Amino acid sequence: MAAKIFMDMPGGLRMPAIGLGTWQATDDSELETALNAALEIGYRHIDTAFVYQNETLPMNGIHEDRVEMFMKKSLENLQLDYVDLYLIHFAVGVKYFEGQVRPSLDDVQTEKSDHIAIWKKMEEQVDAGRTKTIGISNFNAKQIEKIIKNSRIKPACLQVELHVYLQQRELVKFCHQNGIVVVGYSPLGSPGYNNFIANFGQKPRQLPDMLHDAVIKKIAEKHKKSNAQIMLRYLLQNSIVPIPKSVTPARLKENIDIFDFSLDSEDMKSLDDLEVGEEARVCDFKLYPA
Ligand SMILES: NC(=O)c1ccc[n+]([C@@H]2O[C@H](COP(=O)([O-])OP(=O)(O)OC[C@H]3O[C@@H](n4cnc5c(N)ncnc54)[C@H](OP(=O)(O)O)[C@@H]3O)[C@@H](O)[C@H]2O)c1
């Protein structure tokens, strides 16, 4: 089974079919070393975010009055005139207090978001040349449909949690039918997630451990690959763009070295059957108030 090296986005743009995640990579020198290694190895798709302190539209920017301000802040931080793709990070915004850049969790107060008004401001960012195109993250099919119906520029991509245990097939199908590229975050199950929640005084959670899953291991041995490579290749063959994060050069190489083999239909079926569903979701955003 073939896997594309680029995914076509609306408007004739193309997205490299594997990207690099950068969440929890905030140590400047570690990130610099990882980015240099990644660019040498061949990564050309890098996911950053304002809330990762290395830059998408943050939760307190998810309001029509603040899209442009935060887009400009991100360009300034990245020292760029434009980005290729700019996303709304969440479907829910939080209140903004004058001068505040990144709200601490104690300050977070969610507010009602007008997705259409926000999207119109996102479209203006394309018109102004600050981003080539725009997309969304953590939106559901109903929310996406509303944007599609009311937009001049369609969402180019949806970024959501996707891995072998959380396959979100209906959502993926809906996006593909509407020409939206699906980008899968936490494609390895985000094994570092407990370090993140520990920063907020939360107890570690039992996380899905696909890197040691016996079914995946058997397939990995058959292809002389690692569990991580099988999990990433599985997403690619389902036309999903994985964005694994690593700051470890050997893993950066391992994670992109997935274009020289194919999973056969038997492998794909075994991996399909590993679907757990919602219980396997790692990033449940329960840290934020409802
Ligand atoms: N839009 C959103 O709301 C959202 C939410 C979550 C994530 N994201 C994006 O998606 C990216 C990826 O998700 P993620 O960071 O949650 O999790 P992930 O990519 O599933 O896992 C990253 C973790 O796995 C380790 N790792 C990487 N490659 C490995 C390999 N080959 N073998 C074993 N371990 C490996 C990394 O360690 P080392 O770094 O130490 O190598 C890191 O601890 C994020 O960095 C971020 O850019 C977006």
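For the structure, check the block above.
Residues numbered from 1 in each chain as written. Predicted model: local features only at pLDDT ≥ 70, side-chain atom pairs only at ≥ 80, totals over all residues. Heavy atoms only, no water.

1. Concerning the environment of A38
Summarising the element assignment, A38 is placed in helix α1 (residues 28–41). Those residues within four positions of A38 in sequence are excluded, and the remaining contacts are L20, Y43 and L252. (Helix = DSSP H or I, 4+ residues; strand = E, 2+ residues; numbered from the N terminus. Contact = heavy atoms within 4.5 Å.)

2. What about the packing of aromatic side chains?
In the structure shown here, the tally under the stated rule is 4 aromatic pairs. Seen from their ring centres, Y193 and F196 are 5.9 Å apart, and the 50 degrees between their planes marks the pair as tilted. One end of the pair, Y193, and the other, F196, are both in helix α6 (residues 193–198), 3 residues apart, so they sit about a helical turn from each other. For the pair shown, Y193 and F196 are each scored as buried. One aromatic cluster is present, built from ring pairs that chain together W23, Y193 and F196. The ring of F261 carries the charged tip of R233 above its face, separated from the ring centre by 5.6 Å. (Phe/Tyr/Trp six-rings, centres within 6.5 Å; stacked < 30°, edge-to-face > 60°. Buried < 20%, exposed > 50% of the residue type's maximum accessible area, 1.4 Å probe, protein only. Lys NZ or Arg CZ within 6 Å of the ring centre and 35° of its normal.)

3. Observations concerning the pattern of salt bridges
On inspection of all chains with the given rule, the structure shows 13 salt bridges. Notably, a salt bridge pairs R205 with D284, separated by 3.3 Å at the nearest N-O pair. Of the two residues, R205 is situated in the loop between α6 and α7 (214–223) and D284 in the segment after α10 (265–272); the sequence distance between them amounts to 79 residues. Judged by its relative accessible area of 27%, R205 falls in the partly exposed class. (Salt bridge = Lys/Arg side-chain N within 4 Å of Asp/Glu carboxyl O.)

4. Here we look at the sheet that holds strand β5 (residues 83–88)
Pairing is parallel in the open sheet, where 5 strands are placed in the order β5-β8-β9-β10-β11. Unpaired on one side and paired on the other, β5 and β11 (240–242) mark the two borders of the sheet. Ignoring strand direction, the axes of neighbouring strands in this sheet form an average angle of 30 degrees. Relative to β11, strand β10 (residues 181–185) runs parallel, the two sharing 3 bridges. Considered in β11, the bridge of V182 is made with I240. The strands touched by helix α3 (residues 115–127) within the sheet are β5 and β8 (131–137), with β8 carrying the most contacts at an inclination of about 155 degrees. (Pairing = 2+ DSSP bridges. Axes fitted to C-alpha atoms, helices over the stretch in contact; angles between N-to-C directions.)

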